[in-house]
Amino acid sequence: MSAKDNKIDQIIKTIETNDIKFLKLQFSDINGLPKNMAVPLKTANDVEDIIEDGLLFDGSSIAGLASINDSDLLAKPDINTFSTIPWRPEALGTCRFICDIFTTEGDPYEGDPRGVLKKSLQKAEKRGYQFNMGPEPEFFIIKEDENGNYIPADDAEYFDVEPLDQGTDIRREIVLGLEKLDFDVEVSHHEVAHGQHEVDFKYADALKTADAVITFKEAVKATVHQLGYKATFMPKPFLGINGSGMHCNQSLFKDGKNIFYDPDTEKQISQEALYFIGGLLKHAKALSAILSPTVNSYKRLVPGYEAPCYIAYGFKNRSTLLRIPASRGLGTRIECRSADPSCNPYLAFAVLLEAGLDGMDNKIDPGEPTEENLFAYTDDEIAEKGIETLPTSLWEAYHSLEKDDVIKNALGEKAYNQFYNIKRAEWDAYRIQVFDYERDEYLNV
């Protein structure tokens, strides 16, 4: 029996043992929002046909996926993503596959975000590399006040305990649910801002991790909703307190060894790692459009709230875009601090990899690390140091993307055009709005 047949047999046994009645076929739109179709299972063996044949659907109704004149697409399950769904009622059990998207001719669909990442990973694999990613997604738990306005669900701060931290039991339920989904949760805690939380899971290859981020966000929202609150991964939901980031810890392995680690250098960082950093710095402005993809993202990327603004790297320095944490050996990694949890992880991980590989291919020197607190300097002083800043708006970011062929090619023509058009429309919709702040500030002009 082949490994695939053995895996399918295990899936069928799980379906029978858990009396599962529904199968969800899940994929993401260009923004990283999960979409799904639920198929009723008359018998457990029905799943074999779905694995083999997939399921047709209208791609033109999914944001950024397909055009109306060429809309028929095929969702085919990746059998390695099978899982039950612990937050659904046990009496009518539900399971799911994450799917790859194909054309009706059976070819991988170029506009599929998961396919974009798989293409970049294949490029790395041809060189013998495995690209690993360890994300740190933050989120807020919020509630409605007596006026119907959303506010943080507690007044706790970093690492606080009960009774200030009202999220202890909620995080416990989230962690237990994630463990049922085979997450290797490393730590959970209250974050800096009121109502803000973080649950970190162990790094893995980038495709598995991107799947996990999509599942993580879905699980958190569903679990928190069942407990009577609301979870949001909006980058900056409240004025005056920290926003939510999703720091991306990246490493490249070859033959089981972390090639970013070199015990013979002063900092135990390899030349490959430095070139990778050089690529990330070179493409930082275009990367911003993918890593910080909403209008709201740029209200997080301001001085004073632990979010990066400056295109530089350091070691212990948390005021720079990139940081190399202290762990060495297998744990040696490059942390990108600008990404936020509103990004599509498939696209984000793909462009980070391609930017880093470009740095390695072209031996891009990142220069000396910056260990000063850059938030302590004025804009003029930052400019004197030769340090550039990240885009300050989605408009700046998508225009930077427009000029960067490496990042555009990483996305591919179809995904790039779909993403670019959606972001341009998002900015146009935002810029014509009139907000309460403007009326308060300018009504008497």
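Below or above, wherever it landed, is the structure these notes cover.

Conventions used here
- Residues numbered from 1 in each chain as written.
- Predicted model: local features only at pLDDT ≥ 70, side-chain atom pairs only at ≥ 80, totals over all residues.
- Heavy atoms only, no water.
- Helix = DSSP H or I, 4+ residues; strand = E, 2+ residues; numbered from the N terminus.
- Buried < 20%, exposed > 50% of the residue type's maximum accessible area, 1.4 Å probe, protein only.
- Contact = heavy atoms within 4.5 Å.
- Areas by Shrake-Rupley, 256 points an atom, 1.4 Å probe, with all protein chains shown as cover.
- Lys, Arg positive; Asp, Glu negative; His and termini not counted.
- Charge placed at Lys NZ, Arg CZ, Asp CG, Glu CD.
- Patch = residues over 30% accessible without salt bridge, like charges linked within 9 Å, V, L, I, M, F, W, Y side chains within 5 Å.
- Salt bridge = Lys/Arg side-chain N within 4 Å of Asp/Glu carboxyl O.
- 1 Å grid on protein atoms, 1.4 Å probe; cavity = no way out; pocket = protein on both sides within 12 Å on 5 of 7 lines; lining within 4 Å.
- Points joined across faces, edges and corners; volume = space filled by probe spheres on them.
- Nonpolar A, V, L, I, M, F, W, Y, C, P; charged D, E, K, R; others polar.

What follows is about the overall build of the protein chain. Of regular secondary structure, the protein chain possesses 13 helices and 17 strands. Seen through its C-alpha atoms, the protein chain measures out along the principal axes to roughly 70 × 60 × 50 Å. Residues counted as buried form 53% of the 445 residues belonging to the protein chain. Partitioning the intrachain contacts of the protein chain with sequence separation of at least 6 by distance along the chain shows that 70% fall at a separation of at least 24. Accessible area of the protein chain: about 21,200 Å², with a carbon and sulfur share of 47%. Of note, the protein chain has its 48 positive side-chain charges centred 2 Å away from the centre of its 75 negative side-chain charges.

Quick look at a negative patch on the surface now. Residues Asp5, Asp9, Glu48, Asp49, Glu52 and Asp53 make up a contiguous surface patch of negative charge. Residue assignment for the negative patch shows that the elements contributing at least two residues are α1 (3-17) and α2 (46-53). On the secondary structure map, Asp5 appears in helix α1. Judged by its relative accessible area of 40%, Asp5 is partly exposed.

Rolled over the atoms, a probe as big as a water molecule pinpoints where empty space is left. Tallying each qualifying case throughout the model produces one cavity of 30 Å³ or more. In this structure, the largest cavity occupies an estimated 60 Å³ of space. Leu280, Ala284, Leu287, Ser288, Leu291, Leu321, Leu322, Cys336, Ser338 and Leu352 together form the lining of the largest cavity. With four residues, helix α7 (residues 284-291) is the single largest residue contributor to the lining of the largest cavity. Its residues placed into classes, the lining of the largest cavity shows eight nonpolar, two polar and no charged.

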